[in-house]
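Below, each chain spelled out in residue letters.
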Amino acid sequence: MSDLNSNVADLSGYLARFARDGVMNHIGGKACPALSGSTFDNASPVDESHICVVARSDGADVDAAARAAKAAFGAWRDMDGTERKKILHRIADGIVERANEIALCECWDTGQALRFMSKAALRAADNFRFFADKAPSARDGQMLPSQTLMNVTTRQPIGPVGIITPWNTPFMLSTWKIAPALAAGCTVVHKPAEFSPVTASILMEIAEDAGLPAGVWNLVNGLGEEAGKALTEHPDIKAIAFVGESKTGSMIMKQGADTLKRVHFELGGKNPVIVFDDADLDRALDAAIFMIYSLNGERCTSSSRLLVQSTIAEEFLAKLTKRVNNIRVGHPLDPKTEIGPLIHKTHFDKVTSYFDLARSEGASIAAGGKRVGDKGWFVAPTLFTGASNDMAIAQQEIFGPVLTAMTFETEDEALCIANDSPYGLTGYVWTNDLTRAMRFTDALEAGMIWVNSENVRHLPTPFGGVKASGIGRDGGDWSFDFYMEQKHIGFATGQHKIPRLGA
Ligand code: NAD
């Protein structure tokens, strides 16, 4: 059983080479610095200490990576799907072998607590295995015969794609996008978030060690407005899969317009959890707490708006407040820690700015609302009560361990509040009335809804949001809809009548 001291010792071993060499790009199967030689600094949110320098790429590096991805595309596309399957399974094996290294580095780079990150590394391996198994059938189509034609459809990979990922659970999220792209037969240029570059580099090494052909997957580090922007504008990149903020998604759509980029967006959320008075209230309480305070609240699917029926509100909120005050904030490498520091000072400043805003809007701070310690970006898990849905604390994505609680009287009112949001990623409904659950979920504006459950990801199901929460779906075959083109071919089955012009 690991403890804080042994984890810290292991981590320093893993990080030594990054401290020495920095985080490099990987282009055409080789690790390389940015062509300009530029770097930026990467610090840990735990104590603000320097971790490493990181290649600061610009358009020239992105161009080199896109060319490598283009050159590798034909052979990768035409490789037998069963061969691609074997390589992707070997990547999954590599992730499992290095799961401890990945988890510890991710915690130090992002501030996420180890209790969640060790599972995230293994989930990343599952992502690779799931899409590995789908690789052999990725091109399958349908036969749609008509009176005169044998119509068949087939799917073909769209080409080299750009994948741009955020800093929250960056390792797991990257695999979630990269694995289906590779399984489909696309080649990849990946631009990870500048705040959390370390594990993307480990993932790339694992892929190279697994025998992925050079150029099939390229890694370009850098800032969003530099490397990220260049990737979205590159003519050889056929599609951009993006996970991040809604306003960045909007910028990417504009940047990609001249080259007619296909885009897939997984964006922000302000997700409601609705608790009716007939629900199993103990389970609802556990799930509501888990879905906002796990992963430091830095999770797109977090239940950041609690809507609780007024008949049970007083008791439910009292229990909630007690539990929130008990959540353990601490060193992310301590297995007992439940909340670590926020990713970065910029994000810390954003999250903590909502404490004063909540007061000025007239809400109460029932728990938290303050910094923890004076080093690193720790905040106390926070609960706002007495809020109304028109307040900024109920409308804006705070993306920290901060829950805004409101009450409602009737089902209609709950639905109205839940849907009164620019976002529509997830919703969580707690009721034991089956008919109400069916009625309510049908009218709730969200891409994913769980009834009497927290978010439990099942890989064959569609993942994505509506409204400002995204465009497109991941998971199952939906991922291939994005990374592949549908082709229709009609074969005449006889001598049907062809209109004769000018005859
Ligand atoms: P962000 O939008 O600031 O950055 C995401 C990525 O985009 C980074 O790699 C960044 O460098 C890059 N980027 C920034 N500007 C760019 C530009 N002009 N062109 C191209 N790339 C650019 O997001 P973040 O702060 O890193 O992540 C948090 C956000 O991600 C939250 O809003 C969260 O809800 C969202 N998110 C959504 C999902 C989902 O599945 N819906 C999952 C995880 C995170």
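(A) Structural view of the overall build of the protein chain. Within the protein chain, the secondary structure is distributed over 16 helices and 21 strands. Radius of gyration (C-alpha) of the protein chain: 24 Å, near the 23 Å computed for a compact globule of 503 residues. Judged by the C-alpha coordinates and their principal axes, the protein chain covers about 80 × 60 × 40 Å. Within the protein chain, counting contacts between residues at least 6 apart in sequence, those at least 24 apart form 74% of the total.

(B) The site of the ligand, seen in detail. The ligand sits among 28 residues. The nearest are K191, E194, T248, L267 and E397. Separating an oxygen atom of the ligand from a side-chain N or O atom of K191 is a distance of 2.6 Å. Surface burial for the ligand is 93%, taken as the share of its 850 Å² of free accessible area covered by protein chains. If you map the ligand onto the pockets, it falls in the largest pocket. Among the elements of the structure, α8 (224-233), β9 (239-243) and α9 (246-255) are those that each provide at least two residues to the shell around the ligand. Looking at the shell around the ligand, its residues break down into 14 nonpolar, eight polar and six charged. Looking at the shell around the ligand, you find at least three residues from each of domain 1 (4-267) and domain 2 (272-451).

(C) Just the domain arrangement of the protein chain, in detail. For the protein chain, the assigned domains read domain 1 (4-267) and domain 2 (272-451). For domain 1 versus domain 2, the distance between C-alpha centres works out to 31 Å. In this assembly, 27 residues from domain 1 lie in contact with 31 residues from domain 2. Interface area for domain 1 against domain 2, summed over the two sides, is near 2,400 Å², with a carbon-plus-sulfur share of 64%. Inspection of the domain 1/domain 2 interface yields 10 residue pairs in polar contact (both at pLDDT 80 or more). For the side of domain 1 that touches domain 2, the elements supplying multiple residues, two or more each, are α1 (4-21), α4 (99-110) and α5 (114-134). The greatest single-element share of the side of domain 1 that touches domain 2, amounting to five residues, is contributed by α4. For the side of domain 1 that touches domain 2, the residue count by class is 15 nonpolar, eight polar and four charged.

(D) Structural detail: the packing of helix α10 (residues 281-293) against helix α11 (residues 310-326). Contact geometry for α10 and α11: axes closest at 11 Å, N-to-C directions at 50 degrees. When the axis of α10 is compared with that of α11, the two are oblique. Helix-helix and strand crossings are classified by hand; for α10 and α11 the assignment is right-handed. On α11, the residues that touch L281, D282, A284, L285, D286, I289 and Y293 of α10 are I312, F316, K319, L320, R323 and V324.

(E) Representation of the side chain of T199 within the structure. By the element assignment, T199 lies in helix α7 (residues 198-209). Taking relative accessible area as the criterion, T199 reaches 1% and is therefore assigned buried. A polar contact is formed between the side chain of T199 and the side chain of E106, at a distance of 2.6 Å. Every residue in contact with T199, bar those within four places of it in the chain, is listed here: I102, C105, E106, P170 and F171.

(F) Up close: the pattern of salt bridges. Throughout the structure, instances matching the rule amount to 29 salt bridges. A salt bridge links E101 to R98; the nearest nitrogen and oxygen atoms lie 2.8 Å apart. By the burial criterion, E101 is buried, and R98 matches it. The partner of K247 in a salt bridge is E245, and the shortest N-O contact between them spans 2.8 Å. According to the relative accessible area criterion, E245 is partly exposed, its value standing at 37%. Here the salt bridges share partners, and the residues they tie into one network are R17, R98, E101 and E205.

(G) Representation of the state of the cysteines. Applying the stated criterion to the full structure yields zero disulfides. The structure places no disulfide on C52, whose sulfur is separated from the nearest cysteine sulfur, that of C105, by 9.5 Å. The exposure class assigned to C52 is buried, which follows from its relative accessible area of 0%. Left without a disulfide partner, C105 is nearest to the cysteine sulfur of C107, which lies 9.2 Å away. C105 gets classed as buried once you look at its relative accessible area, which sits at 1%.

(H) Representation of the packing of aromatic side chains within the structure. Taken as a whole, this structure holds 14 aromatic pairs when the rule is applied. On the basis of an interplanar angle of 65 degrees and a centroid distance of 6.3 Å, the ring pair of F131 and F480 is categorised as edge-to-face. With F131 in helix α5 and F480 in helix α16 (residues 478-483), the pair connects residues that are 349 residues apart, well separated along the chain. Residue F131 shares its accessibility class with F480, and that shared class is buried. Seen in terms of ring centroids, W176 and F463 are 6.0 Å apart; in terms of plane orientation they differ by 85 degrees. Their pairing is edge-to-face. In this pair, W176 sits in helix α6 (residues 170-184) while F463 sits in the loop between β18 (448-451) and β19 (466-467), placing the two residues 287 residues apart along the sequence. Overall, W176 belongs to the buried group, its relative accessible area being 4%. Residue F463 is classed as buried on the basis of its relative accessible area, which comes to 10%. Members of the aromatic cluster, each reached through a chain of ring pairs, are F130, F131, W176, F463 and F480. One cation-aromatic arrangement involves R84 over W76; the distance from NZ or CZ to the ring centre is 5.9 Å.

Reading guide: rules and limits
Along each chain, the written sequence defines residue order, and numbers are assigned to residues from 1. It should be noted that, the model being predicted, local features are given only for residues of pLDDT at least 70 and side-chain atom pairs only at 80 or more, the latter also being counted only at that level, while totals for whole chains, interfaces and linings use all residues. Only hydrogens and water are set aside; all other atoms, that is, all heavy atoms of the structure, feed into the side-chain values. Each helix corresponds to a stretch of at least 4 residues labelled H or I by DSSP, and each strand to a stretch of at least 2 residues labelled E; elements are numbered beginning at the N terminus. Just to be clear, the radius of gyration here is over C-alpha atoms, and the globule rule we use is 2.2 Å times residues to the power 0.38. The contact criterion used is simple: two residues touch if any of their non-hydrogen atoms lie within 4.5 Å. Any residue with a non-hydrogen atom lying within 4 Å of a molecule or strand is treated as near it. What qualifies as a polar contact is a pair of N or O atoms within 3.5 Å, subject to a donor-acceptor requirement within protein and to the restriction that residues adjacent in sequence count only when both atoms come from side chains. Note on areas: Shrake-Rupley, 1.4 Å probe, and residue coverage restricted to the protein chains presented here. The way it works is a 1 Å grid over only the protein atoms, where trapped points that fit a 1.4 Å probe form a cavity and open points with protein on both sides within 12 Å along at least five of seven lines form a pocket, and then any residue with an atom within 4 Å of a point lines it. By definition, a pocket or cavity contains a molecule when more than half of the molecule's atoms lie within 2 Å of the pocket's grid points. As a working rule, the residues Ala, Val, Leu, Ile, Met, Phe, Trp, Tyr, Cys and Pro are called nonpolar, Asp, Glu, Lys and Arg charged, and the rest polar, with Gly in that last group. Each domain's limits were defined by an automated method or a database of domain assignments. The term buried area denotes the loss of accessible surface (1.4 Å probe radius) that occurs when two parts are joined, taken as the sum for both partners. Helix axes are fitted only over the stretch in contact, all axes being lines through C-alpha atoms; the angle between N-to-C directions runs from 0 to 180 degrees. Here the angle decides the label: under 35 degrees means roughly parallel, over 145 means roughly antiparallel, 65 to 115 means roughly perpendicular, and every other value means oblique. By convention, the crossing between two helices is left-handed when the near helix turns anticlockwise from the far helix through less than a right angle, and right-handed when the turn is clockwise. Categorising residues by exposure relies on relative accessible area from a 1.4 Å probe, with only protein chains included: less than 20% of the type maximum marks a residue as buried, more than 50% marks it as exposed, and the intermediate range marks it as partly exposed. Any Lys or Arg side-chain nitrogen found within 4 Å of a carboxyl oxygen on Asp or Glu counts as a salt bridge. Criterion for a disulfide: a pair of cysteine sulfur atoms at a distance within 2.5 Å. Think of it this way: a Phe, Tyr or Trp ring, Trp meaning its six-membered ring, pairs with another when their centres are within 6.5 Å, and the plane angle makes it stacked under 30 degrees, edge-to-face over 60, tilted otherwise. Note on geometry: a ring has a charge over it if NZ (lysine) or CZ (arginine) is within 6 Å of the ring centre and within 35 degrees of the ring normal.

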